[in-house]
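# A closer look at the structure
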Amino acid sequence: MNAPLGVSVRRQTTDVDAMLTELRLCERPHDVEVSGLPLHVLPGVLSPRLSHGPDALMSKWHIEPGATVLDLGCGSGVLGLAALRAGAGCLVALDINPQAVLTTKINIERLGYSDKAEARYSDTYSGLHSGEKFDIILFAAPYWNRKAKDDLERSCFDEDHNVMASALKGARRRLNDKGVMYVLFSDQGDVGRVLNLINKSKLRVRNMHIFRPSIPEGHIRIIWELTVQ
């Protein structure tokens, strides 16, 4: 299916280095549509034009009407904004990449959610206020156990999965009693290590979803639903 005029066509790739090279060559903003959600993406931000992980997560989540949502590592804002469209009541979107924060702010305004959403610069949960808690935490984690050299690479690389460890460890303090954390991951990362981190976090695995590759030599996507009880 062709994209609307002026909107970039989405495609899948499993070569992370080729994807990063292509994104670095993209020196101008572009528009992309994800499940009917139009997004504007600035240079230096992981784009759903080349990343289809959010589609998998959106196919398995359950958004209660009025739910409070935290989008951890928001990138373009695709997950948090899709949650608002699905009926969430408010959104806080966090990212360590200033360009991602600005991209998400632009999309919040363009889509008319300024009264329900805000984007903040944050190193994992550092941008949250004391006592802020949520019904849902969305975390599309970086998969590859490699050292990131810049903000764009941080969206893909997580050396020793330290960001994952921080995200899981801090989730208990940021989830409401009946809240759920959705974690998106891939077999291109160290699944065994992440399972150990989940165990150490004392979060309970309510459900796990496996997505088989949709393209030749593609990677397996995994979604965990984690709760505090």
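Above: the structure in question.
These numbers come from a predicted model, not from an experiment.

Reading across the sheet, the seven strands line up as 5-4-3-6-7-9-8 and stay open at both edges, with mixed pairing between neighbours. In the strand order of this sheet, the two ends are held by strand 5 (117–121) and strand 8 (204–211), each with one partner. Between one strand axis and the next, the sheet turns through 15 degrees on average, direction left out of account. Direction of pairing for strand 4 (residues 90–95) relative to strand 5: parallel, over a ladder of five bridges. By the bridge assignment, A93 is partnered in strand 5 with A119. Across the sheet, helix 4 (residues 98–110) touches strand 4 and strand 5, and the angle it forms with strand 5 is around 170 degrees.

Following the criterion strictly, the structure yields one cavity of 30 Å³ or more and no others. For the largest cavity, the calculated volume is near 30 Å³.

This part covers a nonpolar patch on the surface. A cluster of nonpolar side chains, namely V205, M208 and I210, defines an oily patch on the protein surface of about 260 Å² accessible area. If you trace the backbone, M208 turns up in strand 8.

Let us look at helix 7 (residues 191–201). Looking only at helix 7, the buried set comprises V194, L197, I198 and S201. Down the axis of helix 7, the buried set is contained in an arc of 100 degrees. They therefore lie on one face. For helix 7, the exposed residues lying more than 90 degrees away from the buried face are N199 and K200. Buried residues along helix 7 sit against helix 6 (162–174), strand 7 (175–186), strand 8 and strand 9 (221–227).

Counting across every chain of the model gives three aromatic pairs. Taken together, a centroid distance of 5.3 Å and an interplanar angle of 45 degrees make the contact between Y143 and W144 tilted. Y143 sits in the buried class, given a relative accessible area of 9%. For W144, a relative accessible area of 15% corresponds to the buried category. Each residue in the set Y143, W144, F185 and W224 is aromatic and connected to the rest through ring pairs, giving one cluster.

Two side chains bearing opposite charge may form a pair once their charged atoms approach each other closely. Tallying each qualifying case throughout the model produces nine salt bridges. One salt bridge in this structure joins D17 and R146, with 3.0 Å as the shortest N-O distance. Of this pair, D17 sits in helix 1 (residues 16–25) while R146 sits in the loop between strand 6 (134–140) and helix 5 (151–154); the two residues are 129 residues apart in sequence, bridging distant segments of the chain. R146 gets classed as partly exposed once you look at its relative accessible area, which sits at 33%. Across the pair D150 and R24 runs a salt bridge whose closest N-O atoms are separated by 3.0 Å. You can see D150 sitting in the loop between strand 6 and helix 5 and its partner R24 sitting in helix 1, a full 126 residues away along the chain. By relative accessible area, which is 37% here, R24 ends up partly exposed. Because the salt bridges share partners, they merge into one network encompassing R24, D150 and E153.

Let us look at the environment of K178. Its place among the elements puts K178 in strand 7. For the pair K178 and F134, spaced 44 residues apart in sequence, the C-alpha separation works out to 9.5 Å.

Moving on to the layout of surface pockets. What the second largest pocket holds in volume is close to 190 Å³. When contributions to the lining of the second largest pocket are tallied by element, the ones reaching two or more residues are strand 6 and strand 7. Element by element, the count of residues in the lining of the second largest pocket is highest for strand 7, at six residues. Residues that form the lining of the second largest pocket fall into these classes: four nonpolar, three polar and five charged.

What follows is about the pairing of strand 9. Counting buried residues along strand 9, seven of its seven residues qualify, which places the element largely inside the surrounding structure. Burial of strand 9 is two-sided: the residues R221, I223, E225 and T227 facing one way and the residues I222, W224 and L226 facing the other way are all buried. Where strand 7 meets strand 9, seven bridges bridge the pair, whose relative direction is antiparallel. In the sheet register, M181 faces strand 9, and the bridge partner there is L226.

Reading guide: rules and limits
- Residues numbered from 1 in each chain as written.
- Predicted model: local features only at pLDDT ≥ 70, side-chain atom pairs only at ≥ 80, totals over all residues.
- Heavy atoms only, no water.
- Pairing = 2+ DSSP bridges.
- Helix = DSSP H or I, 4+ residues; strand = E, 2+ residues; numbered from the N terminus.
- Axes fitted to C-alpha atoms, helices over the stretch in contact; angles between N-to-C directions.
- Contact = heavy atoms within 4.5 Å.
- 1 Å grid on protein atoms, 1.4 Å probe; cavity = no way out; pocket = protein on both sides within 12 Å on 5 of 7 lines; lining within 4 Å.
- Points joined across faces, edges and corners; volume = space filled by probe spheres on them.
- Patch = residues over 30% accessible without salt bridge, like charges linked within 9 Å, V, L, I, M, F, W, Y side chains within 5 Å.
- Areas by Shrake-Rupley, 256 points an atom, 1.4 Å probe, with all protein chains shown as cover.
- Salt bridge = Lys/Arg side-chain N within 4 Å of Asp/Glu carboxyl O.
- Buried < 20%, exposed > 50% of the residue type's maximum accessible area, 1.4 Å probe, protein only.
- Arc of directions from axis to C-beta.
- Phe/Tyr/Trp six-rings, centres within 6.5 Å; stacked < 30°, edge-to-face > 60°.
- Nonpolar A, V, L, I, M, F, W, Y, C, P; charged D, E, K, R; others polar.

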